[in-house]
Amino acid sequence: MARTLSLVRHQGSIETPRSSTSDDGLVDRARRGDVDAFEQLYGMYVGRVYALCLRLTADPVQARELAQDTFVRAWEALPRFRADASFTTWLHRIAVNALLERRRRDRRRTARVSLAEDEEDGESVVAGVVLAPDVATAIDLERAVAALPPGVRRAFVLHAVEGYTHEEIATMTGLAAGTLRAQLHRARQLLIRALSL
Amino acid sequence: MTEHPSPDDRLDDLTSRLPREIAPPPELWSSIRAELAPRSRTFQWNARWRLAAAALVVAASSSILTLLAVRARDGVYRAPAAATADSAPTAGARLPAHLAVAELGYARSIDALRRTLDERRDSLAPSTVATVERSLRIADSAIAEARSALEHDPSNRVLAELLASNYERKIDLLRRASELAPRT
């Protein structure tokens, strides 16, 4: 995770995901099959999409695959894209769906029988958080977030980093409100402990 | 005395300073692009050819079924009446009342979809419009064929079902044509 941070473009404050509507023309052209327009959209959004993918997966190889999957799916689904959501939000939703599908597929492949939440919240993963550096910087936070259990990490990234509301996350992930609140609370506890805040 | 921020506040502060964008590996776009090219080209063609193929299937199956139904009745096959624009019910057509009512319902749906398609006509490629119109003419011909046969044999259930099926297929054609991607 730290290695990929050298590629950071810029830092910015948290803003609402629904912020850009200036790309309507490009979206319209891409929807008609214009690959050049889609490439421009890619250039505009790939930084955010890749950041999301990297934080959700905590793995550069998986993040690359997930980002690729996200844009390919977006291309295929563009004719059905409606302007009632921002393009960013729509892309993020595709990324989250793709991630959830991968998790389900991986679980089937490994034929694990443990409950998903038990698996995701396993103490062995939590131990990684405890081992995170105790100097509280943004890079340390990235590493601590990467060490969170996957479900807890997903909730934290979508809510605290990307700024989605509980309701929006519940819609994206299918999580119950109570589960989501518990995951967010756990994420904060683990991060505060890992970073010695 | 300065009050120390709480751990939650410090975490929020750190989180707010995380970068919103991270540059992806440079070759990512070329990998994505390689997967887009075949799909972008086939989408337009597939959409057009699916419409044309659907219309041909409607026409062929309709003709065969009409022929079978008429022959089963009296062994005589009549040539279909000329197709009317968008298969609007013919004035004074001799159809059973329940079919005439159903036909009016179909006509309303067809009119609405036709208006939608006409509004979008300019945004579609001329070749797409030509394919759609050709498909609609084939669908109209199938409707006219079934209708003509039914006028001569109003009690024939197979023909009645065939007419209804042809209307529904035409509505489906119009709906799909209305949803076609605009010109590239």
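Per chain, residue numbering runs from 1 following the sequence as it is written. Here every chain gets a letter starting at A, and every ligand a number starting at 1, in the order they are written. For a predicted model such as this one, the threshold for reporting local features is a pLDDT of at least 70, and the threshold for listing and counting side-chain atom pairs is 80 or more; totals across whole chains, interfaces and linings nevertheless cover every residue.

**Some details on the overall build of chain A**
Let me state the cut-off plainly: Note on conventions: DSSP H or I runs of at least 4 residues are helices, E runs of at least 2 residues are strands, and numbering of each starts at the N terminus. To assign burial, the other C-beta atoms lying within 10 Å of each residue's own C-beta are counted, with C-beta atoms placed from the backbone; 20 or more indicates buried, 12 or fewer indicates exposed, and intermediate counts indicate partly exposed. Note that contacts rest on C-beta atoms placed from the backbone: two residues are in contact if these are within 7 Å.
When helices and strands are tallied, chain A shows 10 helices and 1 strand. Across the 197 residues that make up chain A, the buried fraction comes to 37%. Put simply, 67% of the contacts in chain A that link residues at least 6 apart link residues at least 24 apart.

**Some remarks on the overall build of chain B**
Per the secondary structure count, chain B includes 5 helices and 1 strand. Going from the N terminus to the C terminus, chain B shows its helices and strands as α-β-α-α-α-α. Within chain B, buried positions represent 29% of all 184 residues.

**Thoughts on the packing of helix α8 (residues 150-161) of chain A against helix α10 (residues 177-194) of chain A**
Residue and element names in this part refer to chain A. Our working definition: Note on geometry: axes are C-alpha line fits, over the in-contact stretch for helices, and angles between N-to-C directions span 0 to 180 degrees. By the definition adopted for this analysis, an angle is roughly parallel if under 35 degrees, roughly antiparallel if over 145, roughly perpendicular if from 65 to 115, and oblique otherwise. When residues are sorted by character, Ala, Val, Leu, Ile, Met, Phe, Trp, Tyr, Cys and Pro go into the nonpolar class, Asp, Glu, Lys and Arg into the charged class, and all the rest, Gly among them, into the polar class.
In the contact formed by α8 and α10, the axes pass within 8 Å of each other and the chain directions differ by 90 degrees. Considered as vectors, α8 and α10 are oriented roughly perpendicular to each other. In this structure, α8 uses G151, V152, A155, F156 and H159 to contact α10, whose residues at the interface are L180, Q183, L184, R186 and A187. Its residues assigned to classes, the contact of α8 with α10 comprises 6 nonpolar, 3 polar and 1 charged.

**A few points about helix α3 (residues 60-77) of chain A**
Threshold: To estimate how far a helix should reach, multiply one less than its number of residues by 1.5 Å.
End to end, α3(A) covers 25 Å across 18 residues, agreeing with the expected 26 Å (1.5 Å per residue, within 8%). What α3(A) keeps buried is the set A63(A), R64(A), L66(A), A67(A), Q68(A), D69(A), T70(A), F71(A), A74(A) and W75(A).

**With respect to the environment of I32(B)**
By the element assignment, I32(B) lies in helix α2 (residues 28-74). Classification of I32(B) as buried rests on a count of 23 C-beta atoms within 10 Å. Setting aside its immediate chain neighbours within four residues, I32(B) contacts Y42(A), Q68(A), F71(A) and V72(A).

**Points about the nonpolar core**
Selection rule: Definition of nonpolar core: a set of buried Ala, Val, Leu, Ile, Met, Phe, Trp, Tyr and Cys residues joined via C-beta atoms within 7 Å.
V49(A), Y50(A), C53(A), A67(A), L91(A), A95(A) and F156(A) are the most contacted members of the largest nonpolar core, which has 56 residues in total. When residues in this core are grouped by element, the largest group, 12 residues, is from helix α2 (residues 35-57) of chain A. Setting aside residues up to four positions removed in sequence, Y50(A) forms contacts with A63(A), A67(A), I22(B) and P24(B). One finds Y106(B), L117(B), A144(B) and L173(B) within the second-largest nonpolar core, a separate group that totals 23 residues.

**What about the confidence of the model for chain B?**
Residues and elements named next belong to chain B. Put simply, the rule reads: Known as pLDDT, the predictor's per-residue confidence is scaled from 0 to 100.
Chain-level pLDDT for chain B is 72 on average; 65% of the residues reach the 70-or-more range. Scored below 50 in pLDDT, residues 39-45 makes 8 contacts in the model with residues more than four places away or belonging to other chains. For residues 74-85, every residue scores under 50 in pLDDT, and the model assigns this stretch 21 contacts once sequence neighbours within four places are set aside. Listed scores for the predicted complex are pTM 0.52 and ipTM 0.74.

**Description of unusual backbone geometry**
The general pattern is negative phi for most residues beyond glycine and trans for most peptide bonds. All names here are of chain A. Non-glycine residue A58 carries a positive phi angle of around 60 degrees. Inspection of the secondary structure assignment puts A58 in the loop between α2 and α3. The class for A58 is partly exposed, based on 19 C-beta atoms found within 10 Å. Of note, S196 is a non-glycine position whose phi angle comes to about 55 degrees, a positive value.

**Side note on the packing of α10(A) against helix α1 (residues 7-16) of chain B**
Packing of α10(A) against α1(B) brings their axes to within 10 Å, and their N-to-C directions diverge by 90 degrees. Considered as vectors, α10(A) and α1(B) are oriented roughly perpendicular to each other. Taking contact as the criterion, the partners of R188(A), L191(A) and I192(A) in α10(A) are, on α1(B), P7(B), D8(B) and L11(B). Considering only residue class, the contact of α10(A) with α1(B) consists of 4 nonpolar, no polar and 2 charged.

**Here we look at the environment of Y45(A)**
All names here are of chain A. Assignment of secondary structure puts Y45 in helix α2. Classification of Y45 by C-beta neighbours within 10 Å gives buried; the count is 21. Linking Y45 and F87, residues 42 residues apart in sequence, is a C-alpha distance of 8.8 Å.

**Observations regarding the environment of R55(A)**
Residues and elements named next belong to chain A. Relative to the assigned elements, R55 resides in helix α2. Residue classification places R55 among the buried residues on the basis of 23 C-beta atoms within 10 Å. For the pair R55 and P150, spaced 95 residues apart in sequence, the C-alpha to C-alpha distance is 9.9 Å. With sequence-adjacent residues up to four places away left out, R55 is seen in contact with V145, V157 and V161.

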